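Observations on the three-dimensional arrangement
Residue strings, one per chain:
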Amino acid sequence: MSTRRNFIKTTGLATTALATTSTAFGATVIGGKKNSDRLLNETETILGHGDYKYKLTKNWAQISATRLPLLNCHEMVMDSKGRLIMVGDHPQNNILIFDKSGKLLDYWGTAYQGGHGLTLHDEGGEDMLYITDSGWALGKGNQMIKHNGRVAKTTVDGRVLFDIGHPMTIGVYKPEESFCPTETAIGPNGDIYVADGYGESRIIQYDSNGRYIRHWGGTENPDPNYKLVSAHGVAIDYREKGNPMVVVTSRSQECFKYYTLDGKYVKTVEMPNMQVCRAVFDDDNLYAGVCWSQPKVGKTNWKDHTGFVTVMEGDKVVSNPGGTEPAYKNGILQKSYQLDEKPILHGHDVCVDEDKNLYICQWNANHSAPYKLERV
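Below is a summary of the structure that appears in this document.

About the thresholds
Each chain carries its own residue numbering, running from 1 in the direction its sequence is written. Where totals are concerned, whole chains, interfaces and linings use all residues; where local detail is concerned, this predicted model gives features only for residues with pLDDT of at least 70, and gives and counts side-chain atom pairs only at 80 or more. Derived side-chain values reflect all non-hydrogen atoms in the structure, with water molecules and hydrogen atoms excluded from consideration. Any two strands with at least two DSSP bridges between them are considered paired. Secondary structure follows DSSP: runs of H or I at least 4 residues long count as helices, runs of E at least 2 residues long count as strands, and numbering of each begins at the N terminus. A fitted line through C-alpha atoms represents every axis, and for helices the fit uses only the stretch in contact; the resulting angles, taken between N-to-C directions, go from 0 to 180 degrees. The contact definition used throughout considers only heavy atoms, calling two residues in contact when any of these lie within 4.5 Å. Our working definition of a disulfide is a cysteine sulfur pair at a distance within 2.5 Å. Using a 1.4 Å probe on the protein chains alone, a residue whose accessible area is under 20% of its type maximum counts as buried, one over 50% counts as exposed, and one in between counts as partly exposed. What qualifies as a polar contact is a pair of N or O atoms within 3.5 Å, subject to a donor-acceptor requirement within protein and to the restriction that residues adjacent in sequence count only when both atoms come from side chains. By convention in these notes, a salt bridge is any Lys or Arg side-chain nitrogen within 4 Å of a carboxyl oxygen on Asp or Glu.

The strand order β9-β10-β13-β14 describes an open sheet built from four strands, whose pairing is antiparallel. Of all the strands in the sheet, the pair left with one neighbour each is β9 (115–123) and β14 (160–164). Put simply, the sheet's adjacent strands are angled 20 degrees from each other on average, direction ignored.

As structure tokens, then:
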């Protein structure tokens, strides 16, 4: 691990005597502030559990809300140059590019007003982006209007190489079925997996040139292993050597479902009370934003701020930054909950840098820019 992180760990020991531990947090919060004040000075806020604790920095992104307004920050990836590329859905800007200090390096794009998913793929030493437009765009009167979506393959500076449009045009969907994709993943041979998360909740597989191969899933699928409800995310898990798998987020079912590269069911990993977004893999870890959860008492709706972030080792949850400490009983994960202080409003995506710091994109978070969670 980097010298910087070791320094933080070492100096953190010197402040142990000054630290107070919150049972609700399951993590250390430096200082003796009252609960209601803990997040006023964000540099004193530590989130997470076990070996996965993070210092929260809300004002990481150095941008002007007037010059570059934000609506929702949906996803972020890091390119081969270490730049952090974010997709959002504001009509005036879709792609923002930062360095790791939060300085804005570039921005482009107004054609992806439903900008939602962003995947980066190394193709012969050149970074390529796959931008998913869900079709949900801001219309007149500040109302979100549903259109049909699309997937665009572009260079990192925005040059469009090709689009994948409505599957109805190739006879895969019926005319009355909507196509509102939310995510893509690129397989080891270049195959493109599209998650139609806001449409029919299917996974559609194309070859590297955008030619249809197969699809599976759907909300009406009678087989519970293939039934997907809000197939919000799709990713490729390379953690098991020689056995890559397609990992699909069935968000409304609060789980990840694993399939072979040709769509054969493998397993389900339950995530109780966590409506997770896409799986993000780094080394042996899986990271995911939790867009919604429910409180211990009562019930909330989809507009309420109820999210956090989750971190897994293998199939086991080991930390919930912004949420309660994960607990298992007889090997079964129990429900996790958002912290009362709501340090994270809606966890929509996680980007991991080489120092294992996290950058959190949020949906419906008061037009906020991405947060940084610095590993400590």
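Continuing now.
Along the polypeptide, Phe162 turns up in strand β14. Taking the C-alpha atoms as reference points, Phe162 and Tyr130, 32 residues apart in sequence, are found 9.8 Å from one another. In this view, Phe162 contacts Val151, Ala152, Lys153, Ile192, Ser208, Asn209 and Gly210; residues no more than four positions away in its chain are not counted.

Following the criterion strictly, the structure yields zero disulfides and no others. Distance from the sulfur of Cys277, which forms no disulfide, to the nearest cysteine sulfur (Cys291) is 4.6 Å. Residue classification places Cys277 among the buried residues on the basis of a relative accessible area of 0%. The cysteine Cys351 is free of any disulfide, with Cys361 supplying the nearest cysteine sulfur at 7.8 Å.

What follows deals with the side chain of Ser201. Relative to the helices and strands, Ser201 resides in the loop between β16 (192–195) and β17 (202–206). Residue Ser201 is classed as buried on the basis of its relative accessible area of 2%. Looking at Ser201, its side chain comes within polar contact range of the main-chain nitrogen of Ser230, at 2.9 Å.

On to the pattern of salt bridges. If you walk through the whole model with that rule in mind, you get 15 salt bridges. We note a salt bridge from Arg83 to Asp79, for which the minimum N-O separation is 2.8 Å. In this structure Asp79 comes out as buried when scored by relative accessible area, which is 6%. The salt bridge involving Glu183 is made with Arg278; its shortest N-O contact spans 3.4 Å. Of the two residues, Glu183 is situated in strand β15 (residues 183–186) and Arg278 in the loop between β23 (275–276) and β24 (280–282); the sequence distance between them amounts to 95 residues.

Moving on, we come to the pairing of β15. Of the two faces of β15, the one lined by Glu183 and Ala185 and the one lined by Thr184 and Ile186 are each fully buried. In this sheet, β16 lies alongside β15 in antiparallel orientation, the contact comprising four bridges. Directly across from Ile186, in β16, lies its bridge partner Ile192. Counted between consecutive antiparallel strands, the loop separating β15 from β16 contains five residues, among which Gly190 sits at a positive phi close to 95 degrees.

Read these as layout, nothing more, since geometry by itself doesn't imply function.
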